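Here are the chains, one letter per residue:
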Amino acid sequence: MLGVIGQVLIYVVPFLLVLTVVVTVHELGHFLTARAFGVKMDRFSIGFGRAILRRTDRRGVEWRLGWLPLGGYVKFSGDLDATGVPDRAGLEALRQAVTAEHGPGAERDYLYFKPLWQRALVVAGGPFANFVLAIFIFTLLFSLVGVDLRPARVMEVQPQSPAAAAGFLPGDLITHVNGKLISDGGEVTRVVALSSGDPVRFIVERGDRAVQLTATPERRVETDRIAGRVSVGRIGLALGSTRDEIRHVRYGPVAAVGQGVRETGAILSTTLTYIGRIFTGRETGDQFSGPLGIAKASGALTNAAVAANSEPWAIVRNLLLTLTSFAAILSVGIGFLNLMPIPVLDGGHLLFYAYEAVARRPMAARVQEAGYRVGLALLAGLMLFATWNDLQKLNLFKFLGGLVS
């Protein structure tokens, strides 16, 4: 029983801890941008539901911690509805109410009467903060910890594989993939994994010659210790590096920032590539993960960090590094998700503002309400789809079937 509780804690606590940090930074992005423009706010909440802790600051903002730690929000003064983008009639009603209570000119402190560009920046402040957090974390890791660069040396070529057909040989050193210079074998794996069915161009060093090869990855279903069951592209290569080839690099402050930006951009690029392949029918979307999958990944990373070294100081160090890296990746994902043009998300608000910029008036209330309902349905459908994927990858259906039988 204690073992089960321990495993639950290992999977749930790191997930909630990392999620709380990422969500707090996201909401602070909205909050601090709004405060910079003098926007009046009523509440800053981490978590939903009944408040566990709360206090009101001298500006009248209630800071609260909800009992359900799965999100957060900033409540702006004058919020009229769930869309947060009132139409012209709603704006006029709000103006009259504020003027009647606080006097003429008081409405200028409310978000909805700020210039359009300021409102857009307040909305974009949350996702932007997530990207800044990721860059900051990666910068710290690259400068304080450093990274091992492992050249993509071909150690083995599987018989009758795409790599064998392309002419790869053991000992080849991959230097370019699709025209891009490669410094680490992980970059090769990342490109190949998202290229099933598409030819990939390689340049390899073979002795003193540069050889051009082309291989088309084939889709394979594998079990990953972190992500569970995955469907990815493979060409049948085992990559490795000799001890002499591995370089540990610790970057200076400026170079570390550049690497942090590049790493964040690489995660965004991979995400966009994957989504683009879904829309073109080259991916099935089975790699989308919801809370269950993220919790499983955080738990697996925690277990791996603990198992890497039994010394107490090493366990603490590995946990900090692992969860910090995971927070950076999750922060990029949450920032990207919130920029999707779905009305219930930040990207949906920006979509409404784009319409207002073109039409010179807010979108009609009934259209906003319809968009909100459609967006809520889309988001719920996406979450259900992601949860289904999680259940499939975690083999919970098979587990539950065994319990019933």
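Residues numbered from 1 in each chain as written. Predicted model: local features only at pLDDT ≥ 70, side-chain atom pairs only at ≥ 80, totals over all residues. Heavy atoms only, no water.

A. The arrangement of the nonpolar core in detail. In this structure, Val-18, Val-22, Met-41 and Phe-76 are the most contacted members of the largest nonpolar core, which totals 42 residues. The set of elements that each furnish at least two residues to this core consists of helix H1 (2-36), strand E1 (41-56), strand E2 (62-76), helix H2 (88-102), helix H3 (116-145), helix H6 (253-279) and helix H8 (312-338). Sorting elements by how many residues they give to this core places H3 first, with 8 residues. Apart from residues no more than four positions distant in its own chain, Phe-76 is found in contact with Ala-34, Val-39, Lys-40, Met-41, Asp-42, Leu-111 and Val-122. Counting residues in hydrophobic clusters, the runner-up holds 18 residues, among them Ala-166, Ile-174, Val-200 and Val-211. (Core = buried A, V, L, I, M, F, W, Y, C linked by side-chain atoms within 4.5 Å. Buried < 20%, exposed > 50% of the residue type's maximum accessible area, 1.4 Å probe, protein only. Helix = DSSP H or I, 4+ residues; strand = E, 2+ residues; numbered from the N terminus. Contact = heavy atoms within 4.5 Å.)

B. Region of the structure containing the packing of H3 against helix H9 (residues 346-359). Contact geometry for H3 and H9: axes closest at 9 Å, N-to-C directions at 165 degrees. Here H9 runs roughly antiparallel to H3, going by the angle between their axes. Of the two elements, H3 crosses H9, and the hand of that crossing is left-handed. Contact residues: Leu-116, Arg-119, Ala-120, Val-123 and Pro-127 in H3; Asp-346, His-349, Leu-350, Tyr-353, Glu-356 and Ala-357 in H9. Tallied by class, the residues present in the contact of H3 with H9 amount to 7 nonpolar, 1 polar and 3 charged. (Axes fitted to C-alpha atoms, helices over the stretch in contact; angles between N-to-C directions. Parallel < 35°, antiparallel > 145°, perpendicular 65-115°, else oblique. Left-handed = near helix turned anticlockwise from the far one by under 90°. Nonpolar A, V, L, I, M, F, W, Y, C, P; charged D, E, K, R; others polar.)

C. Molecular detail of the UniProt feature "transmembrane region" (unreviewed entry) in the protein. With numbering matched to this structure, UniProt assigns "transmembrane region" (unreviewed entry) to residues 6-25, 120-145, 319-340 and 370-388. Helix makes up 100% of residues 120-145 and strand 0%. Its end C-alpha atoms lie 37 Å apart. For the annotated span residues 319-340, helix accounts for 91% and strand for 0% of the residues, and the straight-line distance between the end C-alpha atoms is 32 Å. (UniProt positions renumbered as here; feature names shortened; annotations may be inferred.)

D. Examining unusual backbone geometry more closely. Within the chain, Gln-160 stands out as a residue other than glycine whose phi angle is a positive 55 degrees. A positive phi angle is found at Asn-178, which is not glycine, with a value near 50 degrees. Mapped onto the elements of the fold, Asn-178 is located in the loop between strand E5 (173-177) and strand E6 (180-181). On the basis of relative accessibility, which here comes to 34%, the residue Asn-178 falls in the partly exposed class.

E. Region of the structure containing the confidence of the model for the protein. Looking at the protein as a whole, the pLDDT averages 81, with 80% of positions reaching at least 70. The lowest-confidence element of the protein is helix H11 (residues 396-404), averaging 40 in pLDDT; the highest-confidence one is strand E7 (residues 200-206), averaging 95. Within the model, the stretch residues 396-405 combines pLDDT values under 50 with 4 contacts to residues more than four positions away or in other chains. (pLDDT = per-residue confidence, 0-100.)

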